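# Results of the structural survey
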Amino acid sequence: MSKINPSLIVSDGCGNVVDIEEYYAVGMSGSCRIVDIPSDEWIPLPNGSWLMELPGRLPVGRDRDSGEIITLEPDESEKVVAVAAFVAPAYTIGYHAAWETLPKAPVLPLYAYAAVGWHDGQFYVPALRVDDSIRQDPSQFSADRIDMAAETVLQKYPDNRLVNHLVNNCALTYHCPAALNYLLNRWEMPLPTSQVCNSACLGCISLQKDSGVCSAQFRIEFTPTAEEIVEIAVPHLETAPEPVVSFGQGCEGEPLMNAQLLINTVQGIRRRTSKGTTNLNTNASLPDIVARLREAGLDSMRVSINSVRKIFYNRYFRPQNYSYENVLESIRVMKEKQGFVSINLFVFPGFTDQPEEVKILEKLIEEYQIDMIQWRNLNIDPEWYWEEMNPVEQEGIGVRNMINHFKEKFPDLLHGYFNPSLK
Ligand code: SF4
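Residues numbered from 1 in each chain as written. Predicted model: local features only at pLDDT ≥ 70, side-chain atom pairs only at ≥ 80, totals over all residues. Heavy atoms only, no water.

## Structural notes on the sheet that holds strand E20 (residues 372-377)
Spelled out, the test is: In this analysis, strands are considered paired if DSSP registers two or more bridges between them. In this description a helix means any DSSP run of H or I spanning at least four residues, a strand means any run of E spanning at least two, and both kinds are numbered starting from the N terminus. All axes are obtained by fitting lines to C-alpha atoms, using only the stretch in contact for helices, and the reported angles, taken between N-to-C directions, cover 0 to 180 degrees. In this description, contact between two residues means that some pair of their heavy atoms is separated by no more than 4.5 Å.
Taken in spatial order, the 7 strands make up an open sheet running E15-E16-E17-E18-E19-E20-E21, and their pairing is parallel. The sheet is open, and its two borders are formed by strand E15 (188-190) and strand E21 (414-416), each paired with just one other strand. Strand-to-strand twist across the sheet, computed as the mean angle between neighbouring axes with direction ignored, equals 25°. Across 3 bridges, the pairing between E15 and strand E16 (residues 244-247) is parallel. Across the sheet, Met189 pairs through a bridge with Val245, a residue of E16. Contacting strand E18 (300-305) and strand E19 (340-347), helix H7 (residues 310-317) runs over the sheet at an angle of about 90° to E18.

## Structural notes on the packing of aromatic side chains
Here is the rule we go by: Between rings of Phe, Tyr and Trp, where Trp is taken as its six-membered ring, a pair exists when centres lie within 6.5 Å; planes separated by under 30 degrees are stacked, by over 60 edge-to-face, and by other angles tilted. In this scheme, the term charge over a ring applies when either NZ of a lysine or CZ of an arginine sits within 6 Å of the ring centre and within 35 degrees of the ring normal.
Evaluated as defined, the whole model comprises 20 aromatic pairs. Ring geometry for Phe406 and Phe410: centres 5.9 Å apart, planes at 25°, overall stacked. Cluster of aromatic residues (ring-pair linked, three or more members): Phe312, Tyr313, Tyr316, Phe317, Tyr324, Phe346, Phe348, Phe351, Tyr385 and Trp386. Above the plane of the ring of Phe141 lies Arg186, whose end atom (NZ or CZ) is 5.0 Å from the centre.

## Considerations on the site of the ligand
To be explicit about the condition: Nearness of a residue to a molecule or strand requires only that one of the residue's heavy atoms be within 4 Å of it. In this classification, the charged set is Asp, Glu, Lys and Arg, the nonpolar set is Ala, Val, Leu, Ile, Met, Phe, Trp, Tyr, Cys and Pro, and all remaining amino acids, among them Gly, are polar.
Surveying the vicinity of the ligand reveals the residues Cys197, Ser199, Cys201, Cys204, Ser206, Arg219, Glu252 and Gly253. Partitioned by chemical class, the residues of the shell around the ligand number 3 nonpolar, 3 polar and 2 charged.

## Describing the sheet that holds strand E11 (residues 96-97)
Reading across the sheet, the 3 strands line up as E4-E3-E11 and stay open at both edges, with antiparallel pairing between neighbours. The sheet terminates laterally at strand E4 (33-35) and E11, the two strands that pair on one side only. Alignment of strand E3 (residues 27-29) against E11, held across 2 bridges, turns out to be antiparallel. From the neighbouring strand, Met28 faces E11, where its bridge partner is His96.

## With respect to unusual backbone geometry
Trans peptide bonds make up the majority, and among non-glycine residues the majority have a negative phi. Inclusion rule: Whether a residue is buried, partly exposed or exposed follows from its accessible area with a 1.4 Å probe, protein chains only, as a fraction of its type maximum: under 20%, in between, or over 50%, in that order.
In this model, Lys104 sits at a positive phi of 65°, which is unusual for a non-glycine residue. For Lys104, a relative accessible area of 86% translates into the label exposed. Notably, Ala284 is not glycine yet its phi reads approximately 55°, a positive angle. Residue placement: Ala284 occurs in the loop between strand E17 (277-282) and helix H6 (287-296). Residue classification places Ala284 among the buried positions, given a relative accessible area of 0%.

## Observations concerning the domain arrangement of the chain
To keep it simple, the criterion reads: Domain start and stop points were drawn from an automatic or database domain assignment. Accessible-area loss on putting two parts together, using a 1.4 Å probe and summing over both, is the definition of buried area adopted here. When a carboxyl oxygen of Asp or Glu is within 4 Å of a side-chain nitrogen of Lys or Arg, the pair counts as a salt bridge. As used in this structure description, the phrase polar contact means that two N or O atoms lie within 3.5 Å; if the pair is within protein, one of them must be able to donate a hydrogen and the other to accept it, and residues adjacent in sequence are counted only when both atoms belong to side chains.
Assigned domains within the chain: domain 1 (7-129) and domain 2 (138-416). A straight line from the C-alpha centre of domain 1 to that of domain 2 covers 29 Å. Here domain 1 packs against domain 2, burying approximately 2,400 Å² in sum over the two surfaces, 59% of which is carbon and sulfur. Across the domain 1-domain 2 interface, the total number found is 4 salt bridges. The partner of Arg57 in a salt bridge is Asp381, and the shortest N-O contact between them spans 3.4 Å. Counting across the interface, domain 1 meets domain 2 through 13 residue pairs in polar contact (both at pLDDT 80 or more). Every element with two or more residues in the side of domain 1 that touches domain 2 is listed here: strand E10 (91-93) and strand E12 (99-101).

## Overview of the packing of helix H5 (residues 259-272) against H6
The test is simple: Should an angle fall under 35 degrees it is taken as roughly parallel, and over 145 as roughly antiparallel, whereas 65 to 115 is taken as roughly perpendicular and any remaining angle as oblique. Crossings are sorted by hand: turned counterclockwise from the far helix by less than a right angle, the near helix makes the crossing left-handed, and turned clockwise it makes it right-handed.
One way to put it is that H5 packs onto H6 with a least axis distance of 8 Å and a crossing angle of 15°. By the angle between their directions, the pair H5 and H6 is classed as roughly parallel. In the crossing of H5 with H6, the sense of the turn from one axis to the other is right-handed. Side by side, H5 and H6 meet where Ala259, Gln260, Leu262, Ile263, Val266, Gln267 and Arg270 of the first sit next to Ile289, Arg292, Leu293 and Ala296 of the second. Classifying every residue of the contact of H5 with H6 by side-chain character gives 7 nonpolar, 2 polar and 2 charged.

Written out as structure tokens, the structure reads:
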């Protein structure tokens with residue numbers, strides 16, 4: 001990886017982005033700790049990423065001559081606004097963008113705000129590709145093929161409400177890559193089922209109440225039948241390359257809330273085919289149901305976690321009638337029954353890589369024989385999250401260093417961003 005020190009970029013408040021050569025781009029780790037980004041951690045901005053202007057926030061950079069950290073202030077003639085990057089799926093960010101928040105600035109919407117700079121004609125971000133799967137690479141999606149496939153699938157399943165939801169809502173409205181891959185009959189397809197949840201996550205992308213931010217999508221408005229799910233899941237598992245079908249999507253609550261429906265569905269699928277992987281993305285709150293799902297034929301479970309420190313898990317997930325111990329018990333029973341377990345780790349630079357978090361995560365991996373870590377960027381306003389978690393200030397070891405550390409310490413542990421096809 002080349003060693004570079006990109007220049008700071010700012011917006012003029014009208015959607016135009018310019019680079020300011022006098023200043024280096026810097027990053028933020030933890031609460032508001034401004035840090036220099038190691039020169040070998042910058043990569044060209046991946047295709048499928050976006051640049052975002054941050055309302056009520058001023059850009060911060062390091063003066064190339066004096067070496068000072070400077071906040072750029074607007075003047076009568078010129079408005080300057082901080083800029084961050086929302087990095088494409090499969091990449092984990094190492095540092096947030098650096099900015100100074102003005103009074104009355106709005107809470108930022110549910111995205112991960114990566115540092116971004118300019119060098120030699122292109123944008124750069126401190127990020128790492130953690131998954132080689134191209135399933136969500138923009139290059140894989142052509143509008144013409146999608147439109148044709150949508151028509152074909154709707155004609156094939158005219159009475160299936162779940163097909164209608166996946167095609168018209170998820171694929172054609174929200175452009176959800178998993179729903180688009182269902183249309184194109186490949187890789188991982190989504191099986192949303194639940195309208196309710198027994199967590200109240202701070203950064204829930206399907207339901208936000210009185211938080212000042214809106215959810216990224218609305219929850220499914222009906223509960224599909226096992227027949228509707230099995231009707232489309234089996235052909236996908238039988239014919240798609242690297243087939244995975246997954247309960248627990250962004251457009252729903254917690255799938256375990258529909259326990260009997262899921263058990264009937266997995267049994268229905270496994271009576272018809274042994275191919276592919278049946279997966280559950282979940283808060284893992286109900287170990288008894290997890291055990292019954294594994295017995296019914298569920299292959300893998302991905303457990304969402306913002307922190308393995310219970311106090312911060314509770315402050316983020318705000319569990320209703322379950323406990324962090326229930327989550328650990330779900331992992332234990334799935335492993336006891338030889339199921340595959342991955343941790344969907346919400347990565348927040350300067351929090352996730354704190355030495356205390358690293359230590360406890362090592363213990364969890366060891367004790368429960370976790371199969372995989374999915375290093376996913378936490379989509380939330382960093383200052384809001386820090387305020388709510390209110391952790392002790394502890395310098396992080398660096399996200400990239402953390403990932404490398406786990407690769408060295410646990411050679412058999414898989415690393416990625418997406419649910420793997422297990423067979
Ligand atoms: S577990 Fe999922 S659906 Fe439930 S509150 Fe959290 S993000 Fe939302």
